[in-house]
Amino acid sequence: MGTVGFVLLAVVIVIFKASDSVTAEEMTCLPGFGSEMVIFKVTRKHLMPGTRLGKVGFTDCTDRTRFGFSSDDRRFVVQTDGTLMVKRQVVLHEGHQDFFIHSWDSQGHKMTLSVRVLHQHHLTEVDSESAPETLVPVLYFPKSGEGLRRKKREWVVPDISVSENHRGPYPLKISQIRSSADKVKRIYYSISGPGVDEPPVGLFTMDRDNGNLYITQALDREKQDKYRFQARAVADGSGPAEVMDILVNVIDQNDNNPIFTQTTYLGEVAESAPKGFEVITVVAEDLDDPNTYNAVIRYRITSQTPAAPPDLFAINSVTGTIRVAATGLDRERNQEYTLVVQAADMHGEGKTGEAKVILTVTDSNDNSPAFTQSSYAATIEENKAEAQIIVMSVTDLDEPHTPAWSGKFTIVSGDPEGLFTVTTGQNETEGIISITKGLDFEKISRHVLLVAVENEVPFAVPLPTATATVLVNVLDVNEAPVFDPTEKHVSKPEDLAVDSEVVQYAASDPDTARRQKVMYRMIRDPAGWLKVAKDTGLITVKSTMDRESPFVKDDKYTALIGAYDNDEVPATGTGTLVIHLNDVNDNAPFIEERGIKVCNKDSAPQLLSVTDKDGPGFGAPYSVSLQGLSENIWTAGMNKSNHSIILSLATELASGEYTVVLRVSDNMGLEQDSTIQATVCDCTGEEVSCQGPVAGGTNRLPAVLGTLGGILVLLMLLLLLVKVTRDGRRRY
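Described below are features of the structure shown in this document.

Rules behind the numbers
- Residues numbered from 1 in each chain as written.
- Predicted model: local features only at pLDDT ≥ 70, side-chain atom pairs only at ≥ 80, totals over all residues.
- Heavy atoms only, no water.
- Pairing = 2+ DSSP bridges.
- Helix = DSSP H or I, 4+ residues; strand = E, 2+ residues; numbered from the N terminus.
- Axes fitted to C-alpha atoms, helices over the stretch in contact; angles between N-to-C directions.
- Disulfide = S-S within 2.5 Å.
- Buried < 20%, exposed > 50% of the residue type's maximum accessible area, 1.4 Å probe, protein only.
- Patch = residues over 30% accessible without salt bridge, like charges linked within 9 Å, V, L, I, M, F, W, Y side chains within 5 Å.
- Areas by Shrake-Rupley, 256 points an atom, 1.4 Å probe, with all protein chains shown as cover.
- Salt bridge = Lys/Arg side-chain N within 4 Å of Asp/Glu carboxyl O.
- Core = buried A, V, L, I, M, F, W, Y, C linked by side-chain atoms within 4.5 Å.
- Contact = heavy atoms within 4.5 Å.
- 1 Å grid on protein atoms, 1.4 Å probe; cavity = no way out; pocket = protein on both sides within 12 Å on 5 of 7 lines; lining within 4 Å.
- Points joined across faces, edges and corners; volume = space filled by probe spheres on them.
- Nonpolar A, V, L, I, M, F, W, Y, C, P; charged D, E, K, R; others polar.
- Phe/Tyr/Trp six-rings, centres within 6.5 Å; stacked < 30°, edge-to-face > 60°.
- Lys, Arg positive; Asp, Glu negative; His and termini not counted.

Before going further, it helps to examine the sheet that holds strand β22 (residues 278-281). Here 3 strands make up an open sheet; going across it, the order is β22-β26-β25 and the pairing antiparallel. The open sheet has two free edges, formed respectively by β22 and β25 (313-315), since each of these has just one partner strand. When the angles between neighbouring strand axes are averaged without regard to direction, this sheet yields 25°. Examined bridge by bridge, β25 and strand β26 (residues 321-324) share 3 bridges and lie antiparallel to one another. Residue pairing in the sheet places Ile315 in a bridge with Ile322 of β26.

Given below as C-alpha cells:
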C-alpha cells in the first residue's frame, strides 16, 4: 500500500448544513471547509515525511477544484487538491497533534479548519451500510477467549470525538456500536449512564437494532468536555451481555471571545519615564480549550487618545504588558492618555475582545524653577543681626505643591564668612535671605551674593540651574566704642593707697572714618572705691578697698566702666573691670561667743570659737591670754587644732555676773581683746542650774542705791519747778 500503509484509518468528521431530506438543488452553497474539524487517525506515533494522512474538503462555491492551503504547523503540508501530507518527521508524544489549516474563498475571506492527528492502536471500520450517510467510526465490542496473548494485552476501545456547537441536524449520528456476533445472531444494543439515563438525561440515544449512537442536541465543551457511559449488546434469545465503556470527547470550537479581567484599567506613568518602562499589564481570558489555538490570545493597541504624539505606548502581544515606546510624555501638555486594547484568540486572527486603559501622566521634575528677577538689591544698617533683608520669588511649571515644584535655595558665592542664610518661604516659591550676624560697614560696605534655586527632588532630565544676583549695601551707623578686652582682670592688694593707679582700661571707636573722640565714665562702682579719668580711661583708687567687704565676692570686686564718643547722638560701650583683691593682715581675730554660763563648783570647761576675717595666711594658729583680774580667776588655752579656746573657772566663786577679758592674736601677731560675760551659778558639774536671783560678781548695792538716789533727786526738782510756777502766777 506504500505510504498508505502508515495510515490504518483516517476518519473525517464532516458536518453538513442541510438535513438528509433536503436535495442538493435546494441547498444554498456556503463557501468553506466541509466541516469545522477533521480527525485523521494513525497507528504509529512516528510519522515519516511523505506520509499521506487524507484529504480535506473545501469549496468557494465556484467551479474551482484546486485551492491554496496553509498550515500553521510547518511539519504538515496541504496540496492544492486538499491532500494532507507529512512534510517533516512528526512524533506524537501526547498521542495526538492539533493544528489549523487555512484557505480563502473567492472574496478573499479567510477560512480555518481545525485538524487533529490521532494515534490509535486498533482498527475502526466504516459501516458500509451508512456509506451514503455521514461517515462515523464503528466500535466493536472487545472479543473474549482469544487465549494468552489477548489476556496479556487488554483491548482498548477508541474514544469518540464530537465537535461542540455542531449545526446538526439532530439527532446527529456520531458512531456505531457493533458486536462481532451480529452476522450470525440478532443483536440488541443499549446505553446507560451520564448523558443517557443520568443527568444530563437524554443527551445520547442509541438505535436498539443497529447500534447507531446519536446526540440529540449541540454539545458545549465549556460546560462539559467529556461524557463516559456504557454500551451493551445482548443476543436475541439468550447469552450474556457484552459491555463496553464509551468515552465521548467534546472537541473545542472557537466559540468564546476573549474577555478582559477588567473593562477599564487605570494606571500611572511618570512623564520622564524612559523608553521600555513597564506601565501596566492587561489580562484577557478565553474559555475555549487552553490546549488549542482557540484560547491562544494575542494583544494589540488599536487606538491612543490623544493621538499626538503618536505611538507613545506599545504592548507585548503575548503578555499584555504595556510599556513606554517613545519619548514625548509631557504632563504639562497632556495629563491623561486613553488606550483601546484588543485581545484576539487564534494567535490574534480569531475572535476579539476590548478594554480601555486610562493612563494618568504623573509629574516629573522636568521643569527647572526660574527667578522672576535676575538681580535683587537691599540696604541694611551695620550691626543689625538676624534680620530679613530680601524675598526672592521663583516660578515652576511642574505640578504645584509637589517636591518637583517646591524651591530649594542656596548661596553659591559671595559669603565666605557665613554672614547670610537663605531659606524657603511657606509658599515654597520664595527664597528669604537673612543676616546671621551684624555686618560691619568699616570692613565691607557692599556684599554681592549669587543665589541658586533647585527643587526638593533632583531634575528628572538635564536642566540648567537658575541663579540670581543679590546686592546688599551696608549703611554706616555710629557704633559704640569697644573695650578690649570686654572684661579686664587685674590683681591688687586690698590696702592699695588712695589715688594709686589700678589699671589703664582703654576703648577704641570702630568708626575709624569719623575720627571721633572717646571719653570715659564710671557706670557702676558698688562700694565707691574707684574713679576713672575722663580722657584717658586711667582707673585709680578713690577710697580704701577692703577684701572683707560684702561688695567683694570670692576676693573679686567688679566695676562697670563706660566709654562714649562725641557724636551728636553719643554711643556708649561698656567694659567690665574685675579686681582680684590680695589679702593683707588687717583684721585681728576675735571670739564669737559673747556670754557663757558655768557652775561655781566643778564647772565644765567652755569651748570658745575664734574668727579672723583675713585669709588663711593670716589666721590660725591662734594664741590667747587672760587680761586683768581675769587671769587670777580663770584659765585659758588653745585646743589641739589651735582654732578654738578652752576657758575654765580656776576657783570657786559666788554666784553672779563676771567679766572675762581674753587677748587673742593670729599667726602674724595681730591681736585684740575680746570680752566675755560669764554667768556663774550656784551648782555643781556640767549641768548649769541657776536658782533665784544671781548675786553680782562685784557689790551691786551701791549701784542700786545710786539709781534710787537719782530718781529722788528728779522728784525734788519736779516739785521745785511746780512751786516756782505757782509763785509766779500769784505775782501777776
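Moving on from the coordinates now.
Our focus in this paragraph is the state of the cysteines. On inspection of all chains with the given rule, the structure shows 2 disulfides. A sulfur-sulfur distance of 1.9 Å marks the disulfide that ties Cys599 to Cys683. A torsion of -100° about the S-S bond marks the disulfide between Cys599 and Cys683 as left-handed. Of this pair, Cys599 sits in strand β47 (residues 595-601) while Cys683 sits in strand β53 (residues 671-684), and the two are 84 residues apart along the sequence. For Cys681, the disulfide goes to Cys690, at an S-S distance of 1.4 Å. The exposure class assigned to Cys681 is buried, which follows from its relative accessible area of 1%.

Attention shifts here to a nonpolar patch on the surface. A surface patch of nonpolar side chains, about 310 Å² in accessible area, is lined by Leu714, Leu717 and Leu720. Inspection of the secondary structure puts Leu714 in helix α4 (residues 701-731).

So, about the nonpolar core. By size, the foremost hydrophobic cluster in this structure holds 27 residues, and its most contacted members are Ile177, Phe204, Leu213 and Ile246. Elements supplying a minimum of two residues to this core: β13 (160-163), β14 (172-178), β15 (187-192), β16 (204-206), β17 (212-215), β18 (226-235) and β19 (242-251). Considering each element in turn, this core owes the most residues, 5 residues, to β18. Filtering out sequence-adjacent residues up to four positions away, Ile246 remains in contact with Leu139, Ile160, Ile177, Leu213, Tyr227, Arg228, Phe229 and Ala231.

For side chains of opposite charge, pairing can occur when their charged atoms come near one another. All chains considered together, the criterion is met by 18 salt bridges. A salt bridge links Arg178 to Asp182; the nearest nitrogen and oxygen atoms lie 2.9 Å apart. On the accessibility criterion, Arg178 (19% relative accessible area) is buried. A salt bridge links Glu548 to Arg547; the shortest N-O distance between them is 3.1 Å. A relative accessible area of 18% means that Glu548 is categorised as buried. With relative accessibility at 13%, the residue Arg547 sits in the buried group.

Taken as a whole, the second largest pocket holds about 860 Å³ of empty space. Surrounding the second largest pocket, 37 residues form its lining, His96, Asp98, Arg116, Leu118 and Asn249 being those nearest its centre. Of all elements in the fold, only β10 (96-104), β11 (110-119) and β19 reach the threshold of two or more residues within the lining of the second largest pocket. Broken down by class, the residue content of the lining of the second largest pocket amounts to 14 nonpolar, 14 polar and 9 charged.

Inspection of every chain in the model, using the stated rule, returns 15 aromatic pairs. Centroid distance Phe33 to Phe69: 6.2 Å. Interplanar angle 40°. Geometry classified as tilted. Remark: Phe69 occurs in the loop between β5 (58-59) and β6 (70-71) and Phe33 occurs in strand β1 (residues 32-33); sequence separation between them is 36 residues. Here Phe33 and Phe69 have matching classes, each one buried. Note on Phe69: relative accessible area 15%, which makes it buried. Through successive ring pairs, a cluster of aromatic residues spans Phe33, Phe58, Phe67 and Phe69.

Position of Asp366 relative to the elements: it lies in the loop between β28 (352-362) and β29 (370-371). Among buried charged residues, Asp366 stands out as having no salt bridge; its nearest opposite-charge side chain is Arg331, 6.6 Å away. Excluding its chain neighbours within four sequence positions, the residues that come into contact with Asp366 are Glu271, Asp330, Glu332, Asp398, Val461 and Leu463.

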